[in-house]
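The primary structure of each chain is shown beneath.
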Amino acid sequence: MLRARGLLTGLFSLLLAGCAAAPNQLELTRQAQTVAQAGGLVMAQVPTERFVLTAFYRITRPDLPLTVYIEGDGFAWRTRSQPSSNPTPINAQGLKLAAADPAPNVLYLARPCQFTPMAVNPRCEVSYWTGKRFAEDVVVTMNQAINQYTARVPGQPIHLVGYSGGATIAALLAARRGDVISLRTVAGNLDVDEVNRLHRVTPMPGSLNAIDIAPRLIDLPQIHYTGSDDSVVPPVIAQRFAAATGGHCTQVRVVPTMRHDSDWARAWPALSSEPPRCMTRADDAR
């Protein structure tokens, strides 16, 4: 039974990460640097209490807000039943979104154990890219990393953007920070339990679930972009999250023909030109 459950969990994670064998981490990092350089982002390693994270950033106007991008779950499983030895994403969609953002202040954060050499991350273990990828200490780590960059734009608010599993992290961060003025997600896994149920995989008791804190985001302007053809995280997930916020500040945008692994970065300049906002009664009447 345990092996069967592992097969199911692995199958779902392969859908998220892609089934091809992963190139080595050095090659993936070089590819990421190429993407980042095209967007004017520079690479950095960010020490936190538990992990050293990899970041790419551009800060040219300290008097303006900071936009923070959170990467997806990466290459979590090597086969249907065997986790990968390194979760660095083969196709870093979150980084591509950040590189496509023309804003003066942009920060991209990889998830724990992605890109950063394992030698400087002794606490990296398989659970952090499988059952504990949304654990409390992961959220704390991401929060600590963000704090190091908000110090470079003192007094400025932040916009949060999360791709796929990074959407869960972004929503959880939005619920505990006081400086977030908008939330946007792309193909976002905003209800971990429901997505696992849809794919008939085992629960993740070691992880937090974004939809549980959705009511706390009732007054936060947010847009959730979901692909009409996404069979990994279908549009119903964003719609469930929007309903759970119970407010007038959440919009869901279903993007025609887009799948989970489509080229979201190509569409991002047009999509992100719409600022998240709270609807007024006059808007609702239109």
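Residues numbered from 1 in each chain as written. Predicted model: local features only at pLDDT ≥ 70, side-chain atom pairs only at ≥ 80, totals over all residues. Heavy atoms only, no water.

This part covers the packing of aromatic side chains. Per the stated rule, a full pass over the model turns up five aromatic pairs. With 5.0 Å between their ring centres and 80° between their planes, phenylalanine 51 and tyrosine 128 make a pair best called edge-to-face. One end of the pair, phenylalanine 51, is in the loop between strand S1 (42–47) and strand S2 (52–59); the other, tyrosine 128, is in the loop between strand S4 (105–109) and helix H4 (136–150), and 77 residues separate them in sequence. Tyrosine 128 shares its class with phenylalanine 51; the two are buried. (Phe/Tyr/Trp six-rings, centres within 6.5 Å; stacked < 30°, edge-to-face > 60°. Helix = DSSP H or I, 4+ residues; strand = E, 2+ residues; numbered from the N terminus. Buried < 20%, exposed > 50% of the residue type's maximum accessible area, 1.4 Å probe, protein only.)

Take the state of the cysteines next. Tallied over the full model, the rule gives two disulfides. Across the disulfide, cysteine 113 is cross-linked to cysteine 124 (sulfur-sulfur distance 2.0 Å). Torsion about the S-S bond of the cysteine 113 and cysteine 124 cystine: about -110°, corresponding to left-handed handedness. Taken as a pair, cysteine 113 in the loop between S4 and H4 and cysteine 124 in the loop between S4 and H4 lie far apart in primary sequence, eleven residues in all. Covalently, cysteine 249 is tied to cysteine 278 through a disulfide, its sulfur atoms 2.0 Å apart. Between cysteine 249 and cysteine 278, the disulfide has an S-S torsion of 105° and is therefore right-handed. Separated by 29 residues along the polypeptide, cysteine 249 in the loop between helix H7 (235–245) and strand S8 (250–255) and cysteine 278 in the loop between helix H8 (264–271) and helix H9 (281–285) bring together distant segments of the chain. (Disulfide = S-S within 2.5 Å.)

Per-residue confidence for the chain averages 91 on the pLDDT scale, and 89% of its residues sit at or above 70. In the model, residues 1–20 has pLDDT below 50 throughout and makes 41 contacts with residues more than four positions away in sequence or in other chains. (pLDDT = per-residue confidence, 0-100. Contact = heavy atoms within 4.5 Å.)

Moving on, we come to the pairing of strand S6 (residues 180–186). When you tally the buried positions in S6, you get six out of seven residues, the bulk of the element. Examined bridge by bridge, strand S5 (residues 158–163) and S6 share six bridges and lie parallel to one another. Across the sheet, residue valine 161 finds its bridge partner in S6, namely arginine 184. Between the parallel pair S5 and S6, the chain is carried across by helix H5 (residues 165–176), and the sense of this crossover is right-handed. (Pairing = 2+ DSSP bridges. Right-handed = clockwise from strand over helix to strand, strands pointing away.)

With that settled, the discussion passes to unusual backbone geometry. Phi at cysteine 113 is positive, roughly 80°, even though this residue is not glycine. Even without being a glycine, alanine 187 presents a positive backbone phi close to 50°. Relative to the elements of secondary structure, alanine 187 occurs in the loop between S6 and helix H6 (192–198).

To continue, consider the nonpolar core. Counting residues in hydrophobic clusters, the biggest one holds 52 residues, and the most contacted among them are Leu109, Leu160 and Leu217. With residues up to four places along the chain from it excluded, the contact list for leucine 217 reads Ala171, Ala174, Ala175, Leu183, Gln222 and Phe241. Counting 27 residues, the second-largest nonpolar core is a separate cluster that includes Ala32, Leu97, Tyr108 and Ala265. (Core = buried A, V, L, I, M, F, W, Y, C linked by side-chain atoms within 4.5 Å.)

Mapped onto the elements of the fold, leucine 271 is located in helix H8. Since its relative accessible area comes to 16%, leucine 271 is described here as buried. What leucine 271 contacts, discounting residues up to four positions off in sequence, is Tyr225, Val255 and Trp264.

To locate leftover empty space, one rolls a probe as large as a water molecule over the atoms. All told, the structure shown has two cavities of 30 Å³ or more when counted by the stated rule. Taken as a whole, the largest cavity spans an internal volume of roughly 60 Å³. What lines the largest cavity is simply Asp73, Pro87, Arg111, Pro112, Gln114, Tyr128, Trp129, Arg133 and Val138. When its residues are assigned to classes, the lining of the largest cavity shows five nonpolar, one polar and three charged. The space that makes up the second largest cavity amounts to roughly 40 Å³. Broken down by secondary-structure element, the contributors of at least two residues to the lining of the second largest cavity are strand S7 (222–227) and H7. In terms of residue class, the lining of the second largest cavity is made up of six nonpolar, two polar and no charged. (1 Å grid on protein atoms, 1.4 Å probe; cavity = no way out; pocket = protein on both sides within 12 Å on 5 of 7 lines; lining within 4 Å. Points joined across faces, edges and corners; volume = space filled by probe spheres on them. Nonpolar A, V, L, I, M, F, W, Y, C, P; charged D, E, K, R; others polar.)

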